[in-house]
Amino acid sequence: MAGLDLWAMAFVFMLATFIGFDVIRNVSRLLHTPLMSLTNAISAIAVVGSLIIAGEEKSTFSTALGTVAVAASVTNIVSGFLITDRMLRMFKRREPGK
Amino acid sequence: MTPEQIYNVTQGSYLAAAALFIFSLRWLSRPETARRGVLAGVLGMVAAIVGTLVHPDIAHYEWIAVGVVVGTVIGVPLSRVALTAVPQRTALSHAFGGLAAGLVGTAKYALWLADGELTAFRMGAIAVEIILGFLTFTGSLMAAGKLQEVIPTRPITYRNQNFINLTLLAIAVGAGLWLVIDPLRWELFPVIVGLSLLFGVLLIIPIGGADMPTVISLLNSYAGLSAVAMGFVLENKVLIIAGALDGSSGFILSVIMCRAMNRSSPTCCSARSARCRRPPRPASRRR
C-alpha cells in the first residue's frame, strides 16, 4: 500500500512538472519580473509542511524549528503576493496611455 | 466531523489549490489576465493553508499564530520596497522559503530519528530537501546582498572553482547517501547542513550582478524542488504539485530570460557554469 502511494506521488510529480513547463512557455516579456515574484510566492507552499511541524508539537526542538519555518514562509507568501500585485497595478496605469 | 470527512475536506482543498496554482501561472503569463493570476495564487495558497489547518495532526495553534504574526510583520514592509529594489526583495524572500524547507526537513529528521521511523526512502527525501533548502537559503541571501551592493557585485573567482564547488556538493550528497544506508549516524546530518549552506554561498559569488535575475529564477526552481522533496517526506500531494510547478516554471523562466539577454545556450543558465558567462560581460562591470 505504501509502495503504491509512493508511485502515485511520483506520477503526480512528473505530470505537474510538465504542466509547469507548459503554462508559462509563452510568457510576455513584460511579465518576467512579476512572474518571477509570483513563482516565488508559490514556492512558499513550504508553509504546509511548516504548519504541520509547528502544530504537531511533538518535541520542543521540532516546534521551535516549525515556528521559525512558519514565520519564514508566511513572510515569503505575504511579501511575494503583495509585491506582485503592486507591480501589476503599475502596469495597468501605464497601459491606457500607450 | 468524522476523520474520513476531515480527510475529504483536506484533499478537496488541496485539489482546488493545485488547480488554482495552475490557473495563476497561466493567467500571469498574459498582461490582460495577469492580475487575476495573482488572485488565483492567493486563493490557492489560502485553500492549501485551510486544508492543512483542519488536519487532525495539528493539535496546537499558539505557535502557528506566533509564526504567522511574525511573518506578516516582516512580510508587509518587505513588500513596500522601492520598485527598483524588487529583484533583491525576491531574492530575500527566496531565502526565507529555502530556510523553511531546510528547517522542516531537519525537524522531521529529528522526530523520526527519536521514534526510530527513518526508512531509507524517507531519509533520501529528507537529504534532498535539506540540501536544496539550505543552499537556496544562503545562495539567495548572497544574491540579495549582491543586488543591494552590500557585497561586491563583481564576480569573485579562484582557481579550480568549479572543481572545489562540485567536490563540496559531492561530499554533501555522499553524506546523504551514507545516511540513507545508515540513518542512525546523526552526526552526518550537521555536516550535510553545513556543506549545503557553504555551497549556496560559493555557487553565487562567481556570478556578476547583471546575471542575477536569471540566477534568482533558477534558485526559485531549486526552492520548488525542495518543496517537492518535502512533499515526498510528508506524503503531501499539494506540496509536490506546487513545488513541481514552481520547479519547472522557474527553470523555464530562467531559460527564457537567458534567451532574452542573448545567451542562447541553456547551459549558461546553470548557476555553476560561471566560466562560460564571465568573459564578454562589460555590462555587469558597469553597474
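Since the model is a prediction, treat every value here as computed from it, not as a measurement.

This brings us to the overall build of chain A. Each helix and strand counted, chain A has four helices and zero strands in total. Within chain A, buried positions represent 55% of all 98 residues. Taking the contacts inside chain A whose residues are at least 6 apart along the sequence as the reference set, 57% of them involve residues at least 24 apart.

Moving on: the nonpolar core. One finds Ile45 and Val47 of chain A together with Ala143, Val238, Leu239 and Ala242 of chain B to be the most contacted residues of the largest nonpolar core, which totals 119 residues. Look past the residues within four positions of Ile45 of chain A in its chain and what remains in contact with it is Ala48, Ala227, Val238, Leu239, Ala242 and Gly243 of chain B.

All names here are of chain B. Residues at a pLDDT of 70 or more form 91% of chain B, whose mean pLDDT is 84. Across residues 264-287, confidence stays below pLDDT 50; counting only partners more than four residues off in sequence or on other chains, it has 40 contacts. Scoring the predicted complex yields pTM 0.86 and, for the interface, ipTM 0.89.

A few words on helix 4 (residues 86-115) of chain B. All names here are of chain B. For helix 4, with 30 residues, the first-to-last C-alpha span of 44 Å sits near the 44 Å given by 1.5 Å per residue. Most of helix 4 sits inside the fold, with 24 of its 30 residues counted as buried. Positioned one or two residues after helix 4, Gly116 has a phi angle of 65°, which is positive.

Moving on, we get to the packing of helix 3 (residues 47-56) of chain A against helix 2 (residues 34-53) of chain B. Here helix 3 of chain A crosses helix 2 of chain B at 20°, and the two axes come no closer than 10 Å. By the angle between their directions, the pair helix 3 of chain A and helix 2 of chain B is classed as roughly parallel. Here helix 3 of chain A runs over helix 2 of chain B; the crossing is right-handed. Contacts between helix 3 of chain A and helix 2 of chain B pair Val47, Val48, Leu51 and Ile52 of chain A from the former with Ala48, Ile49, Thr52 and Leu53 of chain B from the latter. Grouping the amino acids of the contact of helix 3 of chain A with helix 2 of chain B by side-chain chemistry returns seven nonpolar, one polar and no charged.

A separate point is the confidence of the model for chain A. On average, residues of chain A score 84 in pLDDT, and 89% of them reach the 70 mark or higher. Mean pLDDT across the secondary structure elements of chain A bottoms out at helix 1 (residues 2-23) of chain A, with 85, and peaks at helix 3 of chain A, with 90.

On to helix 7 (residues 188-204) of chain B. Residue and element names in this part refer to chain B. When the terminal C-alpha atoms of helix 7 are compared, their 25 Å separation across 17 residues agrees well with the 24 Å that a helix rising 1.5 Å per residue should span. Taken together, the buried positions of helix 7 are Phe189, Ile192, Leu195, Ser196, Phe199, Gly200, Leu202, Leu203 and Ile204. Packing partners of the buried residues in helix 7 comprise helix 4, helix 5 (120-147), helix 6 (161-181) and helix 8 (212-234).

Now for the interface of chain A and chain B. On the side of chain B, 89 residues touch chain A, which itself brings 74 residues to the contact. Of all the secondary-structure elements, those providing two or more residues to the side of chain A that touches chain B are helix 1, helix 2 (32-43), helix 3 and helix 4 (60-94) of chain A. The dominant element in the side of chain A that touches chain B, judged by the number of residues it contributes, is helix 4 of chain A, at 28 residues. Residue classes in the side of chain A that touches chain B are distributed as 42 nonpolar, 24 polar and eight charged.

Once that is clear, we can look at the domain arrangement of chain B. As a measure of interface size, the accessible area lost when the parts come together is often cited. All names here are of chain B. Domain assignment breaks chain B into domain 1 (1-59) and domain 2 (85-286). Between the C-alpha centres of domain 1 and domain 2 there is a distance of 26 Å. Taken together, the contact pairs seven residues of domain 1 with six residues of domain 2. Here the side of domain 1 that touches domain 2 gets six residues from one element, more than from any other, and that element is helix 1 (residues 3-28). Residues that form the side of domain 1 that touches domain 2 fall into these classes: seven nonpolar, no polar and no charged.

Rules of the game
- Residues numbered from 1 in each chain as written.
- Chains lettered and ligands numbered in written order.
- Predicted model: local features only at pLDDT ≥ 70, side-chain atom pairs only at ≥ 80, totals over all residues.
- Helix = DSSP H or I, 4+ residues; strand = E, 2+ residues; numbered from the N terminus.
- Buried ≥ 20, exposed ≤ 12 C-beta atoms within 10 Å, placed from the backbone.
- Contact = placed C-beta atoms within 7 Å.
- Core = buried A, V, L, I, M, F, W, Y, C linked by C-beta atoms within 7 Å.
- pLDDT = per-residue confidence, 0-100.
- Expected span 1.5 Å × (residues − 1).
- Axes fitted to C-alpha atoms, helices over the stretch in contact; angles between N-to-C directions.
- Parallel < 35°, antiparallel > 145°, perpendicular 65-115°, else oblique.
- Left-handed = near helix turned anticlockwise from the far one by under 90°.
- Nonpolar A, V, L, I, M, F, W, Y, C, P; charged D, E, K, R; others polar.
- Domains from an automatic or database assignment.

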